[in-house]
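What follows is each chain in one-letter form.
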Amino acid sequence: MERIYLDNAATTPLDKDVITEMVDVMTNYFGNPSSIHAQGREVRTLIEKARKNVATLLNAVPSEIFFTSGGTEADNMAIRSGIAAYGLKHAITSKIEHHAVEQTLGILLKQGIIDKLSYVNVDSKGNVDYNHLEELLQNNERSFVSLMHANNELGTLTNIELVGDLCEQYNAIFHCDTVQTMGHYTHDVKKLKAHFIVCSAHKLHGPKGVGFIYVNHKIKINPMMYGGAQERNMRGGTENVYGIVGLSKALSTAYAEMNLHQEHIQGLKNYLMERLMNEVSGVSFNGETEADKSLYTVLNVSFPEMDMADMLLFNLDINGISASGGSACSSGSNIGSHVLTGILADPGRPSIRFSFSKYNTKEELDFVVEKVREIVAQNITV
Ligand code: PLP
């Protein structure tokens, strides 16, 4: 049997149409998009076509889209540029953001660029406390807010429309890490009151090492990278043309197939949840699981304490199943998941994140359940 890939929140396999489009560009175009001759101009056209396509899908204008090397760079750019543009001294985030956000804000605090970093409360399922967010916005000077759309470990969704409204009310700048939801839901930047949203192509069957940031046209930012006039002076360096073309194709495909895949993947998630609940004793789920509160591609499962908790993922791996794992840090002795620690998950219980894509099948999940049952039965603490 072929390996079963259930780690799609980490990365996804490339879509065949994306490969075809990228290979065509790799084969037939090599000019530097900054060159003014015909071979440069034709490559420039490819980039600008991709930018227009991305902008159209997001209801943005092309000048609001900047291509980056992926989600981490886009998050860095949003945070550093947004804070610098307005000289903000206070930022609000949560303890369960991706490291790209968490560590960037931490460094800005350490460097004295901001002088206060507030953490909005989250509940045991990773839901933001919106009343607390309002309190923080109310009781502080103008703030920079960075909150993710879907948590990459738990799948819990944030009501980013509400966050956008609150930010507008208190004149805050809002950055939303949309890496895990781009291509899984539609984002209409004219409705969403976020100043920055971001994308990483490899999370939606596109290539690695490429992404973009949407910067609302009202925000005037300074360059992130110096040394060239690319990306309208905001990010020096010759563009990743093949990646950009692949990203654009991946996003178009995701939008075109969204309803179909959403239904299929949500069905897989429900199926796995139900079978694990009914057939493996002591199983529970981390984060929200209801369809309207949870990203349909992610299911984080908490297993009962077992003798060889560390071996759970390893055992799945040797049985041909790829997934991700983690546990809350126990007394600082091991570096566990800061997200599970942030929601105060039981440090004794191992957790596995299963994350799905359009390529997964019910039959694969049958095999996964069978193997999980075997492994848990062998390792359970009596
Ligand atoms: N933000 C979130 C929520 C993510 O899940 C990831 C990737 O795991 C990133 C940012 C970073 O993206 P990239 O791998 O493109 O740097």
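As a starting point, this report considers the structure included with it.

Scanning the chain from N- to C-terminus turns up ten helices and 13 strands. Here the C-alpha radius of gyration of the chain, 21 Å, is about what a compact globule of 382 residues would show, namely 21 Å. Here the analysis covers contacts within the chain between residues at least 6 apart in sequence; of these, 73% occur between residues at least 24 apart. In the form shown here, the chain has an accessible surface area of approximately 16800 Å², with 52% of it arising from carbon and sulfur atoms. Separation between the mean location of the 33 positive side-chain charges and that of the 44 negative ones in the chain comes to 7 Å.

To continue, consider the site of the ligand. Taken together, 13 residues sit near the ligand, with G71, T72, D177, S200 and K203 positioned nearest. Interatomic distance of 2.7 Å between a backbone N/O atom of G71 and an oxygen atom of the ligand. Between the ligand and the protein, one listed contact pairs an oxygen atom with a side-chain N or O atom of Q180 at 2.8 Å. Calculation on the ligand without its partners gives an accessible area of 390 Å², and the protein chains cover 84% of this total. Broken down by class, the residue content of the shell around the ligand amounts to two nonpolar, eight polar and three charged.

Here we come to the pairing of strand β4 (residues 116-119). Sheet topology note: the strand β3 (residues 90-93)/β4 ladder contains four bridges and is parallel. Paired with I92 across the two strands is S118, which belongs to β4.

Moving on: unusual backbone geometry. In this model, H205 sits at a positive phi of 70 degrees, which is unusual for a non-glycine residue. As for its position among the elements, H205 is in the loop between β7 (196-200) and β8 (211-215). In this structure H205 comes out as buried when scored by relative accessible area, which is 9%. With phi around 55 degrees, L344 is a residue other than glycine that occupies positive phi space. One can find L344 in the loop between α9 (338-342) and β13 (351-355).

Each strand in a sheet pairs with its neighbour through backbone hydrogen bonds, running either in the same direction (parallel) or in the opposite one (antiparallel). Strand order across the open sheet formed by seven strands is β2-β8-β7-β6-β5-β3-β4, with mixed pairing between neighbours. On the outer flanks of this sheet lie β2 (65-68) and β4, each paired with one strand and no other. Strand-to-strand, the axes of this sheet are offset by a mean angle of 20 degrees, without reference to chain direction. Here five bridges tie β7 to β8, and the two strands are oriented antiparallel to one another. Bridge pairing in β8 links V198 to I213. Helix α5 (residues 130-138) contacts β3, β4 and β5 (143-146) of the sheet and is inclined by roughly 175 degrees relative to β3. Across the sheet, helix α6 (residues 160-169) lies against β5 and β6 (173-176), angled at about 160 degrees from β6, the strand it touches most.

As a further point, take the packing of α5 against α6. Put simply, α5 and α6 touch, their axes get as near as 10 Å, and they point 20 degrees apart. The orientation of α5 with respect to α6, classified from their angle, is roughly parallel. In the crossing of α5 with α6, the sense of the turn from one axis to the other is right-handed. Listed contacts from α6 to Y130, L133, E134 and L137 of α5 are L162, V163, L166, C167 and Q169. Its residues placed into classes, the contact of α5 with α6 shows seven nonpolar, one polar and one charged.

Further remarks concern the pattern of salt bridges. Opposite charge on two side chains makes pairing possible when the charged atoms of those side chains draw close. Throughout the structure, instances matching the rule amount to 17 salt bridges. As a salt-bridge pair, E239 and R44 come within 3.1 Å of each other at their nearest N and O atoms. One end of the pair, E239, is in the loop between β8 and α7 (241-279); the other, R44, is in helix α2 (residues 38-58), with 195 residues separating them in the sequence. Taking the relative accessible area as the measure of exposure, E239 reaches 8% and is therefore buried. A network of salt bridges, in which partner residues are shared, links R44, E48, R51, E231 and E239.

Rules and cut-offs
- Residues numbered from 1 in each chain as written.
- Predicted model: local features only at pLDDT ≥ 70, side-chain atom pairs only at ≥ 80, totals over all residues.
- Heavy atoms only, no water.
- Helix = DSSP H or I, 4+ residues; strand = E, 2+ residues; numbered from the N terminus.
- Rg over C-alpha atoms; globule rule 2.2 N^0.38 Å.
- Contact = heavy atoms within 4.5 Å.
- Areas by Shrake-Rupley, 256 points an atom, 1.4 Å probe, with all protein chains shown as cover.
- Lys, Arg positive; Asp, Glu negative; His and termini not counted.
- Charge placed at Lys NZ, Arg CZ, Asp CG, Glu CD.
- Near = heavy atom within 4 Å.
- Polar contact = N/O pair within 3.5 Å; in protein donor to acceptor, adjacent residues only side chain to side chain.
- Nonpolar A, V, L, I, M, F, W, Y, C, P; charged D, E, K, R; others polar.
- Pairing = 2+ DSSP bridges.
- Buried < 20%, exposed > 50% of the residue type's maximum accessible area, 1.4 Å probe, protein only.
- Axes fitted to C-alpha atoms, helices over the stretch in contact; angles between N-to-C directions.
- Parallel < 35°, antiparallel > 145°, perpendicular 65-115°, else oblique.
- Left-handed = near helix turned anticlockwise from the far one by under 90°.
- Salt bridge = Lys/Arg side-chain N within 4 Å of Asp/Glu carboxyl O.

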